[in-house]
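Here are the chains, one letter per residue:
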Amino acid sequence: VRSSAASDVYKRQLLLLRYIFSIACIYRLIRNSEKKCWKGKIRLVVHQQNVAPFSWRHYIVLSRQDLEEYGEEIIAHEYAHIMHKHFRDLLLAEICLLFQWFNPAMWLFRKELKTVHEFEADESVLKAGIDAKKYQLLLIQKTVGTRLYSMVNSFDHSSLKKRITTVSYTHL
């Protein structure tokens, strides 16, 4: 029993270290990027390197290239995450994982939560008047990228087919 408890503490510590490292990387990326005020408290963080777009707290992070090529669509998507306060949901899910790391249902819950967040953001983008076909192509292009950090709302996501189908039906 004692080694099981020690193993549990060790695994929690590893998860906590992963979260701390992830937050440190996010702050470093934000600190080393150009920041612009946008719509009050929202900060656009424009990075010279090719980073996958994401939102975290009141920051929208994207590369200069993405801003120039798809700025309106990406910003609308990430702004929706901020307005829906998805960061809070993700933070709560990550905290729950610290205590329920052994529970497969908790991992599934976090994955499904991110999927729901993406659908909500997609719906907001379409309501903002973004062209559905152009947005679908952007989803395909951005989904090829990689996910950087676990505690952010990222533009890319694994449920691409469902999202594209939903965008098509929503736009009809």
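The structure this text deals with has already been given above.
Just so it is clear, the structure is predicted and the values come from calculations on it, not from any experiment.

Peer 1: Now, about the packing of aromatic side chains: what can you tell me, with residues and values included?
Peer 2: Following the criterion strictly, the structure yields four aromatic pairs and no others. Geometrically, the ring pair formed by W38 and Y79 is edge-to-face, given 5.0 Å between the ring centres and 90° between the ring planes. Of this pair, W38 sits in strand β1 (residues 34–38) while Y79 sits in helix α2 (residues 64–83), and the two are 41 residues apart along the sequence. On the basis of an interplanar angle of 90° and a centroid distance of 5.6 Å, the ring pair of W101 and F102 is categorised as edge-to-face. Residue classification places F102 among the partly exposed residues on the basis of a relative accessible area of 48%.

Peer 1: Just give me the short version of the side chain of E118, but keep the residues and values in it.
Peer 2: Its location among the elements puts E118 in helix α4 (residues 104–127). Polar side-chain contacts of E118 include one of 3.4 Å to the side chain of R163.

Peer 1: I'd like a description of the pairing of strand β2 (residues 42–47), backed by residues and values.
Peer 2: The buried count for β2 comes to five of six residues, which makes it a mostly enclosed element. Hairpin connection, β1 to β2: the antiparallel pair is bridged by three residues, and K39 has positive phi, about 50°.

Peer 1: Tell me about the nonpolar core, and please be specific about residues and values.
Peer 2: Formed by I42, L44, V46, I60, L62, L67, Y70, I74, I75, Y79, I82 and L138, the largest nonpolar core amounts to twelve residues. Taken together, the elements giving at least two residues each to this core come down to β2, β4 (59–63) and α2. The element that contributes the greatest number of residues to this core is α2, accounting for six residues.

Peer 1: Please set out the packing of α2 against α4 residue by residue, giving values where relevant.
Peer 2: Closest axis-to-axis distance for the α2/α4 pair is 8 Å, and the angle between their directions is 125°. Judged by the angle between their axes, α2 and α4 are oblique. Remark: the crossing between α2 and α4 carries right-handed chirality. Here E73, A76, H77, A80 and H81 of α2 come into contact with α4, specifically with H117, E118, A121, D122, S124 and V125. Its residues placed into classes, the contact of α2 with α4 shows four nonpolar, four polar and three charged.

Peer 1: Tell me what's going on with the pattern of salt bridges, and back it up with residues and numbers.
Peer 2: A full pass over the atoms with the stated rule returns nine salt bridges. Close ionic contact of R64 with E34 constitutes a salt bridge, the shortest N to O distance being 2.2 Å. Taken as a pair, R64 in helix α2 and E34 in strand β1 lie far apart in primary sequence, 30 residues in all. Judged by its relative accessible area of 35%, E34 is partly exposed. Across the salt bridge formed by E123 and K127, the nearest N and O atoms sit 3.3 Å from each other. Taken together, the residues E123 and K127, both in helix α4 and four residues apart, mark about one turn of the helix. We classify E123 as partly exposed; its relative accessible area is 39%. Each of E34, K36 and R64 takes part in salt bridges that share partners, so that together they form one network.

What counts as what
Residues numbered from 1 in each chain as written. Predicted model: local features only at pLDDT ≥ 70, side-chain atom pairs only at ≥ 80, totals over all residues. Heavy atoms only, no water. Phe/Tyr/Trp six-rings, centres within 6.5 Å; stacked < 30°, edge-to-face > 60°. Helix = DSSP H or I, 4+ residues; strand = E, 2+ residues; numbered from the N terminus. Buried < 20%, exposed > 50% of the residue type's maximum accessible area, 1.4 Å probe, protein only. Polar contact = N/O pair within 3.5 Å; in protein donor to acceptor, adjacent residues only side chain to side chain. Pairing = 2+ DSSP bridges. Core = buried A, V, L, I, M, F, W, Y, C linked by side-chain atoms within 4.5 Å. Axes fitted to C-alpha atoms, helices over the stretch in contact; angles between N-to-C directions. Parallel < 35°, antiparallel > 145°, perpendicular 65-115°, else oblique. Left-handed = near helix turned anticlockwise from the far one by under 90°. Contact = heavy atoms within 4.5 Å. Nonpolar A, V, L, I, M, F, W, Y, C, P; charged D, E, K, R; others polar. Salt bridge = Lys/Arg side-chain N within 4 Å of Asp/Glu carboxyl O.

Bear in mind that shape data such as this cannot, by itself, settle questions of function.
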